[in-house]
Amino acid sequence: MSADLNQSYLTSQLSGSNAAFVEELYEAYLADPNSVDERWRAYFDSLQTAGRRDIPHSPVLQRIGELSRSHGGWSASLATSSAHSVDQHKQGAMLRLINAYRVRGHLAAKLDPLGMVPPAAVPDLSLAFHDVGEADLDTEFDAGSLIGARRRKLRDAVAQLEGAYCNSIGAEYMHISDYPQRRWMQERFESTAGQFGYTPEQKKRVLDRLTAAEGLERYLHTKYVGQKRFSLEGGDSLIPMIDEIIQRAGAGGSKDVIIGMAHRGRINVLINTLGKPPRTLFDAFEGKAEENPDPAHSGDVKYHLGFSSDVMTPGGTVHLALGFNPSHLEIIDPVVAGSVRARQTRRQNEDRTQVVPILVHGDAAFSGQGVVMELFQMSQARGYTVGGTIHIVVNNQVGFTTSNPLDTRSTHYCTDVAKIVSAPVLHVNADDPEAVLFCAQVALDYRQTFKRDVVIDLVCYRRHGHNEADEPAATQPLMYQNIRSRPSTRELYARRLEAEGVIQPGEAKAISDRYRDALERGDAVVAELTTVDPSQAGVAVDWTPYLQGKLSDRVTTAVDAERLQALAQTINTLPDDLKLHSRVAKVYQDRLKMAAGEVRMDWGFAETMAYATLIAEGYNLRLSGQDCGRGTFFHRHAVLHDQNTGATHTPLRQLVDLPERVTIIDSLLSEEAVMGFEYGYATADPRTLTIWEGQFGDFCNGAQVVIDQFISSGEAKWGRLCGLVLFLPHGYEGQGPEHSSARLERFLQLSALDNMQVCVPTTPAQMFHMLRRQMLRGTRKPLIVMTPKSMLRHRLSTSTMDELTNGEFQRVIPDSMMADPGQVSRVVICSGKVYYDLVEEHEKSQIKDVAIVRIEQLYPFPREELKAELARFANARTIVWCQEEPMNQGAWYQIRHQLKASISAEQKLHYAGRDRSPAPAAGNTNTHNREQAALVHEALSVADPGNTPKSD
């Protein structure tokens, strides 16, 4: 290989994935140039020229420079190394051994509290693997980057490395490409080497928290035999771990800690971390909990409930919140992240240290649920980062219910998914509470320092079955023989502290008795509970303005012309040096004409004006989704791109003092996690118009669990108000079964007792008033919008400025085709784009006796408005519901009873639309066109369109 080729090849190896190897190789070179391959030796020699300017830019090369200077310069280190009579080959072995422990020491750590999974045999952690032996243990070597004295005996270095990486903690961090992060981890682990030095007071607090964790479970187990509670027993160390994170976060200035978790251990966290009064829990177990007769607030089981409280820490009061969660395990993760982002925005906390998220996972769910990966990918994305999340995996080594762990994943660890974002992973034996405490401290400090995710794998066990009525020994006989003969974590730790003289004989039992007495009284058992810090009152959300409003309330959404024109001028007048694409420039030129009343307005203008007026009134805007900045259909252009520089410009931000008050962000290609995130955001900030937009309406299929478990039922189950808006492009234009339907029928099926709104606006003015109504009403309910596609540019689907200054959202838009209602013999009722197809055929065929009425809000159904409109047509005996969707889809089956209740006894209801179909739409364009023409003709035809039996 030529010298130039050699240099080029070696430079190409300086990538993030090789960084650790190259750094260790260079340290070996500094100690002994002959210990490295001759090509690397020549390469490192070439870098020693002082002041050299042609070294390729590389973080690894920068690090090499740092290492060299730390050794006293490029050449001095060689002299230092040669001054000691050390076998240079063995010196290199010393450095390789250090690197081996850092990279693979976790494989040899003692992580399993049951001792059923012994530490792995790791060949490259042995002395022999590196050509050193027992005889070399007392030889002094240069320890390279190992924390501590520069030179030390091999024996001491190995002891330090064993303590740091192969004891009760297995630390994985060498996959991180960023050197400062790796070095930070090395300093934390190698400086303690498993000796944490906690004070007696700290140890007693750990014992107290373990006693609380175990005491609650044992109390419930004996008092409420067989009742489900999804016990934490075996993973008791979770309670002191979370306690340490909260107290340490508060000491550092954090103001909120937001927790998300599934049902395992949830009751324990509610009582022992958040301080929920035990009496309310006991009442639930005893069936004494107060019933709510209102079916709109049906409630949920005790192990899904959330709670909030305030606790005192060394740095002041910290607000705690535990998110409500369904049984869909990991779906709470993005919801909590969204809530955290909203709180950070409200606090104007740019470094994101004041609000800390903790997510508690199960091992099988963490590795098996795709939403976990989606959230990791969001963790550093501009619109979704929360400055890092602390993930705690309660790893009971069972997987789920009765599964074999071998069947639950393909990776070595359940946490390996976290490596996609280079998150450090700390595996820890849950029966070593002090190691658990140390991991909690490291995790929080890492998060606060680097603003990135970190994972703690709490390796524990599950003392009982999946629930307390389950018998786990049927499928894990050996594991449960072990568990049932094993002392608890609290018992083991109490013995340890007694042996150390930290507590006296009998003191552990006294602590346990005091805790049980408090439970018997029903008292709160968190000593740090306090009241809200008055200094934080300004950042707390006041939900009272939204508790009494109803969806039937009418509000004034019109805006005076002068204010509209002023706002339109502001957001449509762009900087002179902003070079737009010609098509986008034309859009903005046309919008100025629309504002002046020179041309009719389109959808993009009306939607943007709704945002502008709300922002000017003090509301915030958050719009996210795939292509939402530009708009899937090239209609919105809320984020502009300079054609010369690539820089972006968001015109609506000209109306705010803080940029994050207007966030319009293209999301990653995820529906489930992003929609969950936006739901969480909306539940934490009622004054932000929060919108999730699907690229096409049926993309919401990927987030169905969010729609079912949170959006449609969150208020009924948990009393959680949420004003989230879903924009779902919907309409049949021959694009096939995948991009035609937003599955309107599903949303209507989920609608009951005024839980949400489902709207299908057909004009730009309707969009304007609908969005303003969403924020101005005294309530917060989800709004599902079937948004337009081809209607965005339909010649008839336009509005005037007068409709914004003098209108409101019309639930029903009356017929405008028939001058004389008395001539009408038939009324066609419809929603959405098909209205314009009907109108065009109506005009083309010069039909004289058919009125067309639009229902713009399908839920809550506007029965009284429809009745009033139908009453105008006294001679109409035929009422037709017309839809584009197949009969078993769309609105027909969901609103047929409403339509029947709206017509008179003399009138007869008919259906005109596509026949039943398993798929939403035909794939062949000719078939689509034929079906569309047929349903329009059927709805308007003088011939009887037929009765409903053809579908049944």
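Residues numbered from 1 in each chain as written. Predicted model: local features only at pLDDT ≥ 70, side-chain atom pairs only at ≥ 80, totals over all residues. Heavy atoms only, no water.

**Some points on the overall build of the chain**
Step number 1: Within the chain, the regular secondary structure consists of 32 helices and 25 strands.
Step number 2: In terms of overall size, the chain behaves like a compact globule, its C-alpha atoms giving a radius of gyration of 33 Å where 952 residues would be expected to give roughly 30 Å.
Step number 3: By principal-axis analysis of the C-alpha atoms, the chain measures approximately 110 × 75 × 55 Å.
Step number 4: Residues counted as buried form 60% of the 952 residues belonging to the chain.
Step number 5: Of the accessible surface of the chain, which amounts to about 36,900 Å², a share of 50% is contributed by carbon and sulfur atoms.
Step number 6: Taking the average location of the 101 positive side-chain charges in the chain and that of its 118 negative ones, the two points are 2 Å from each other. (Helix = DSSP H or I, 4+ residues; strand = E, 2+ residues; numbered from the N terminus. Rg over C-alpha atoms; globule rule 2.2 N^0.38 Å. Buried < 20%, exposed > 50% of the residue type's maximum accessible area, 1.4 Å probe, protein only. Areas by Shrake-Rupley, 256 points an atom, 1.4 Å probe, with all protein chains shown as cover. Lys, Arg positive; Asp, Glu negative; His and termini not counted. Charge placed at Lys NZ, Arg CZ, Asp CG, Glu CD.)

**Some words on the pattern of salt bridges**
Step number 1: Taken as a whole and judged by the stated rule, the model has 50 salt bridges.
Step number 2: Between lysine 203 and glutamate 500 there is a salt bridge; the shortest N-O distance is 2.9 Å. One end of the pair, lysine 203, is in helix H9 (residues 200-223); the other, glutamate 500, is in helix H18 (residues 489-500), with 297 residues separating them in the sequence.
Step number 3: Looking at lysine 203, the relative accessible area reads 13%, which means it is buried.
Step number 4: On the basis of relative accessibility, which here comes to 41%, the residue glutamate 500 falls in the partly exposed class.
Step number 5: Linked by salt bridges that have partners in common, Lys203, Asp432, Glu434, Arg496 and Glu500 make up one network. (Salt bridge = Lys/Arg side-chain N within 4 Å of Asp/Glu carboxyl O.)

**As for the packing of helix H8 (residues 179-192) against helix H16 (residues 433-450)**
Step number 1: Two numbers describe how H8 lies on H16: the axes approach to 12 Å, and their chain directions differ by 155°. By the angle class used here, H8 and H16 are roughly antiparallel. You can see that H8 and H16 cross each other, and the crossing is right-handed. Listed contacts from H16 to Pro180, Gln181, Trp184, Met185, Arg188, Phe189 and Thr192 of H8 are Phe438, Gln441, Val442, Asp445, Tyr446, Thr449 and Phe450.
Step number 2: A class-by-class count of the residues in the contact of H8 with H16 yields eight nonpolar, four polar and two charged. (Axes fitted to C-alpha atoms, helices over the stretch in contact; angles between N-to-C directions. Parallel < 35°, antiparallel > 145°, perpendicular 65-115°, else oblique. Left-handed = near helix turned anticlockwise from the far one by under 90°. Contact = heavy atoms within 4.5 Å. Nonpolar A, V, L, I, M, F, W, Y, C, P; charged D, E, K, R; others polar.)

**Some points on the environment of glycine 226**
Step number 1: Note on placement: glycine 226 falls in the loop between H9 and helix H10 (238-251).
Step number 2: Residues glycine 226 and methionine 791 lie 565 residues apart in sequence; the distance between their C-alpha atoms is 59 Å.

**A word on the sheet that holds strand E20 (residues 812-813)**
Step number 1: Spatially, five strands are ordered E20-E22-E21-E24-E25 in an open sheet, and the strand pairing comes out mixed. This sheet does not close on itself; its edge strands, each paired only once, are E20 and strand E25 (908-914).
Step number 2: Of the strand pairs in this sheet, strand E21 (residues 826-830) and strand E22 (residues 850-855) are connected by five bridges, and their pairing is parallel. Its bridge partner lying in E22, arginine 826 is registered against valine 850.
Step number 3: Against the sheet, helix H29 (residues 834-844) engages E21, E22 and strand E24 (878-886), with an angle of about 165° to E22. (Pairing = 2+ DSSP bridges.)

**With respect to a nonpolar patch on the surface**
Step number 1: A cluster of nonpolar side chains, namely Met116, Val117 and Leu478, defines an oily patch on the protein surface of about 290 Å² accessible area.
Step number 2: Judged by its relative accessible area of 53%, valine 117 is exposed. (Patch = residues over 30% accessible without salt bridge, like charges linked within 9 Å, V, L, I, M, F, W, Y side chains within 5 Å.)

**Let's talk about the sheet that holds strand E5 (residues 307-313)**
Step number 1: Across the sheet, nine strands lie side by side as E3-E9-E10-E8-E7-E4-E6-E5-E11; this open sheet has mixed pairing. Whereas interior strands pair on both sides, the edge strands pair on one side only; in this sheet they are strand E3 (169-172) and strand E11 (529-530).
Step number 2: Bridge count for strand E4 (residues 256-261) against strand E6 (residues 316-322) is four bridges, and the pairing is parallel. In the strand pairing of E6, isoleucine 258 is matched with alanine 321.

**Regarding unusual backbone geometry**
Most peptide bonds are trans, and most residues other than glycine sit at a negative phi.
Step number 1: Of note, the bond from tyrosine 859 into proline 860 is cis; its omega dihedral lies within 30 degrees of zero at -10°.
Step number 2: Following the sequence through the fold, proline 860 ends up in the loop between strand E23 (857-859) and helix H30 (863-871).
Step number 3: Positive phi, close to 65°, is recorded for aspartate 131, a residue that is not glycine.
Step number 4: Position of aspartate 131 relative to the elements: it lies in the loop between helix H6 (88-104) and strand E1 (140-142).
Step number 5: The phi dihedral of aspartate 627 falls on the positive side, at around 70°, and the residue is not glycine.
Step number 6: With respect to the helices and strands, aspartate 627 occurs in the loop between strand E12 (620-625) and strand E13 (640-641).

**Here's the deal with the environment of serine 845**
Step number 1: Turning to its location among the elements, serine 845 is positioned in the loop between H29 and E22.
Step number 2: With 482 residues separating them in the primary sequence, serine 845 and aspartate 363 have C-alpha atoms 65 Å apart.

**Focus on the pairing of strand E8 (residues 390-395)**
Step number 1: With six of six residues buried, E8 is to be regarded as a mostly interior element.
Step number 2: Because side chains alternate across E8, one face comprises the buried residues Ile390, Ile392 and Val394, and the other comprises His391, Val393 and Asn395, equally buried.
Step number 3: Relative to E8, strand E7 (residues 355-362) runs parallel, the two being bridged by five bridges. Directly across from isoleucine 358, in E8, lies its bridge partner isoleucine 390.
Step number 4: Sheet topology note: the E8/strand E10 (residues 454-459) ladder contains six bridges and is parallel.

**Remarks on the pairing of strand E9 (residues 425-429)**
Step number 1: Most of E9 is tucked away: five of the five residues are buried.
Step number 2: Alternating positions in E9 separate into two faces, Val425, His427 and Asn429 on one and Leu426 and Val428 on the other, with burial throughout.
Step number 3: Bridge analysis of E3 against E9 gives four bridges, and the strand direction is antiparallel. For glycine 170, the partnering residue across the bridge sits in E9 and is histidine 427.
Step number 4: One ladder, built from five bridges, connects E9 with E10; its direction is parallel. Note that in E10 the partner of histidine 427 across the bridge is aspartate 457.
Step number 5: Considered for its hand, the β-α-β crossover made up of E9, H16 and E10 is right-handed. (Right-handed = clockwise from strand over helix to strand, strands pointing away.)

**Considering the nonpolar core**
Step number 1: Among the nonpolar cores identified, the biggest contains 86 residues, and Leu154, Tyr165, Phe189, Leu238, Ile242 and Val257 are the most heavily contacted of them.
Step number 2: Among the elements that make up this core, the one with the highest residue count is H16 (10 residues).
Step number 3: Leaving out residues up to four positions away in the same chain, tyrosine 165 has contacts with Tyr101, Arg102, Gly105, His106, Ala109, Gly170, Ala171, Tyr173, Gln186, Phe189 and Glu190.
Step number 4: In this structure, Ala321, Ile332, Val705 and Met818 belong to the second largest nonpolar core, which totals 73 residues. (Core = buried A, V, L, I, M, F, W, Y, C linked by side-chain atoms within 4.5 Å.)

**Here we look at the side chain of threonine 389**
Step number 1: Note on placement: threonine 389 falls in the loop between helix H15 (370-378) and E8.
Step number 2: Given the relative accessible area of 5%, threonine 389 is considered buried.
Step number 3: The contacts of threonine 389, once residues within four sequence positions are left out, are Pro357, Leu359, Arg447, Arg452, Asp453 and Val454.

**So, the packing of aromatic side chains**
Step number 1: This structure, assessed with the given rule, holds 22 aromatic pairs.
Step number 2: Ring geometry for tyrosine 219 versus phenylalanine 282: centroids 5.2 Å apart, planes at 35°, classification tilted. With a gap of 63 residues between them, tyrosine 219 in helix H9 and phenylalanine 282 in helix H12 (residues 278-285) connect regions that are remote in the sequence.
Step number 3: Through pairs of rings, three or more aromatic residues link up here, namely Tyr165, Tyr173, Phe189, Phe196, Tyr198 and Phe438.
Step number 4: Note that lysine 223 overlies the ring of phenylalanine 282, its terminal NZ or CZ placed 5.6 Å from the centroid. (Phe/Tyr/Trp six-rings, centres within 6.5 Å; stacked < 30°, edge-to-face > 60°. Lys NZ or Arg CZ within 6 Å of the ring centre and 35° of its normal.)

**Details of helix H19 (residues 507-521)**
Owing to its 3.6 residues per turn, the α-helix aligns residues three or four sequence positions apart on the same side.
Step number 1: Taking 1.5 Å as the rise per residue, H19 with 15 residues should run 21 Å; its terminal C-alpha atoms sit 21 Å apart, in good agreement.
Step number 2: Along H19, the residues classified as buried are Ala508, Ile511, Tyr515, Ala518 and Leu519. Within H19, the buried residues cover an arc of 105° as seen down the axis, which keeps them to one side. Exposed residues pointing more than 90 degrees away from the buried face of H19 are listed as Lys509, Arg514 and Arg521.
Step number 3: If you follow the buried residues of H19, they end up packed against H9, helix H11 (266-272), H12 and H18.
Step number 4: Looking one or two residues beyond H19, the residue adopting positive phi is glycine 522, at roughly 80°. (Expected span 1.5 Å × (residues − 1). Arc of directions from axis to C-beta.)

**Description of the state of the cysteines**
Step number 1: Under the counting rule described, the total for this entry stands at zero disulfides.
Step number 2: Not part of a disulfide, cysteine 460 finds its nearest cysteine sulfur in cysteine 414, a span of 10.0 Å.
Step number 3: Note on cysteine 460: relative accessible area 0%, which makes it buried.
Step number 4: Not engaged in a disulfide, the cysteine cysteine 830 finds its nearest cysteine sulfur in cysteine 882; these two sulfurs lie 6.3 Å apart. (Disulfide = S-S within 2.5 Å.)

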